Amino acid sequence: MTTGRDAPAAHPIDPLLARRWSPRSFTAAPLPPGALETLLEAARWAASSNNQQPWHLVVARRDAEPDAFEKLVGVLSPNNQSWARNAAVLMLSVARSHNAANGNPLRHAWHDTGAAMAQMALQAASMGLQAHQMAGYDAAAARTAFGIPEGFDPVAAIAIGEPGPPEALPEALAQRETAPRQRRPIEEFAFLGGWKG
């Protein structure tokens, strides 16, 4: 199944990887029954350094937790607020920064949290949904709004839902929504035999 937004990969990759992207246009449809649980299960089984599983999620469904949803919208940057409020679900990924057993710092907590969110994004794409992960939010405001304690770091905001038509967005965002997908060539980030940057 192709979406018209599949990545123009330079080498063969699994179609699911090509299909995953980060839309800004979402329909008003809630997630299908059981979909949220499936997405969270996908995150649950991500690889984790020393099996610490440092990821946590604040989850707000637009239809079921409207107050929390509006609080999450409120910590987003104005640009992200303009489109993310239409998603079925907003989330905030949070990384535990210390080992629960001995209190030592978890140097890979953000890496592992990112891996879990990537796994969830791929699961979303496999279900005809998409996830858009955002750096554009106020982490301090999110910590206050949701009572996130010290030792836990807000990492990213995430919008999840059924992709909508680009024309539902303001013109500038609609242009970004339909622009060709691009990535740096492999040679710019993969150095065979040693660092060449």
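See the structure shown above.
This structure is a prediction, so every number in the text was calculated from the model and none was measured.

### Digging into helix 2 (residues 35-44)
Of the residues making up helix 2, those classed as buried are Ala 35, Leu 36, Leu 39, Ala 42 and Ala 43. Burial along helix 2 is one-sided: seen end-on, the buried residues are contained in an arc of 120°. As for helix 2, its buried residues are in contact with strand 1 (55-61), strand 2 (89-96), helix 5 (109-126) and strand 4 (152-161).

### Concerning unusual backbone geometry
Here Asn 50, not a glycine, exhibits a phi torsion of approximately 55°, which is positive. Here Asn 50 is to be found in the loop between helix 2 and strand 1. Of note in this structure, Gln 53 is not a glycine but carries a positive phi near 45°. Mapped onto the secondary structure, Gln 53 falls in the loop between helix 2 and strand 1. Residue Gln 53 is classed as partly exposed on the basis of its relative accessible area, which comes to 34%.

### A short note on the pattern of salt bridges
Two side chains of opposite charge can pair, provided their charged atoms sit close to one another. Scanning the entire structure with this criterion turns up five salt bridges. The salt bridge partner of Glu 41 is Arg 44, with a shortest N-O separation of 2.8 Å. In this pair, Glu 41 and Arg 44 both sit in helix 2, three residues apart, roughly one turn of the helix. A relative accessible area of 35% means that Glu 41 is categorised as partly exposed. Of the charged contacts in the structure, one is a salt bridge between Glu 70 and Arg 85, with a shortest N-O distance of 3.6 Å. Within this pair, whereas Glu 70 is found in helix 3 (residues 66-75), its partner Arg 85 is found in the loop between helix 4 (78-84) and strand 2, the two being separated by 15 residues in sequence. By relative accessible area, which is 34% here, Arg 85 ends up partly exposed.

### Considerations on the nonpolar core
Core analysis: the biggest nonpolar cluster contains 23 residues, and Trp 83, Ala 84, Leu 90, Leu 92, Met 134 and Ala 159 have the highest contact counts within it. Those elements giving two or more residues to this core turn out to be strand 1, helix 3, helix 4, strand 2, strand 4 and helix 7 (171-178). Non-local contacts of Trp 83, meaning those with residues more than four positions away in its chain, are made with Pro 23, Arg 24, Phe 26, His 132, Met 134, Ala 159, Leu 169 and Leu 173. Of all hydrophobic cores here, the second largest spans 19 residues; its members include Leu 39, Ala 116, Met 117 and Ala 124.

### Focus: the packing of aromatic side chains
Counting across every chain of the model gives two aromatic pairs. Plain terms: the ring middles of Phe 26 and Trp 83 are 6.3 Å apart, the flat faces sit at 25° to each other, and that makes the pair stacked. Residue Phe 26 is found in the loop between helix 1 (15-19) and helix 2, and its partner Trp 83 is found in helix 4; the two are separated by 57 residues along the sequence. Trp 83 sits in the buried class, given a relative accessible area of 1%. Relative to Trp 195, the ring of Phe 191 lies with its centre 4.8 Å away and its plane at 80°, an arrangement referred to as edge-to-face. Of the residues examined, Phe 191 reaches a relative accessible area of 22% and is grouped as partly exposed. Take Trp 195: its relative accessible area is 74%, and that puts it in the exposed class. Looking at Arg 5, its charged tip hangs above the ring of Trp 21, at a distance of 4.7 Å from the centre. Directly above the aromatic system of Phe 146 lies the positively charged group of Lys 71, at a separation of 4.9 Å from the ring centroid.

Conventions we followed
- The residue count restarts for each chain, going from 1 along the sequence in the order it is written.
- Only residues with pLDDT of at least 70 are given local features in this predicted model, and only at 80 or more are side-chain atom pairs given and counted; all residues enter the totals for whole chains, interfaces and linings.
- To obtain the side-chain values, all non-hydrogen atoms of the structure were used and water was disregarded.
- Using a 1.4 Å probe on the protein chains alone, a residue whose accessible area is under 20% of its type maximum counts as buried, one over 50% counts as exposed, and one in between counts as partly exposed.
- Helix and strand assignments follow DSSP, with helices taken as H or I runs no shorter than four residues and strands as E runs no shorter than two, numbered in order from the N terminus.
- Along the arc lie the directions from the helix axis toward the C-beta atoms.
- Residues count as neighbours in contact if any of their non-hydrogen atoms are within 4.5 Å of one another.
- What makes a salt bridge here is a side-chain nitrogen of Lys or Arg within 4 Å of a carboxyl oxygen of Asp or Glu, nothing more.
- What we call a nonpolar core is a set of buried Ala, Val, Leu, Ile, Met, Phe, Trp, Tyr and Cys residues that are connected through their side-chain atoms within 4.5 Å.
- When the centres of two rings from Phe, Tyr and Trp lie within 6.5 Å, Trp using its six-membered ring, the rings pair. Their planes under 30 degrees apart give stacked, over 60 give edge-to-face, and anything left gives tilted.
- Criterion for a charge above a ring: Lys NZ or Arg CZ within 6 Å of the ring centre, and within 35 degrees of the ring normal.

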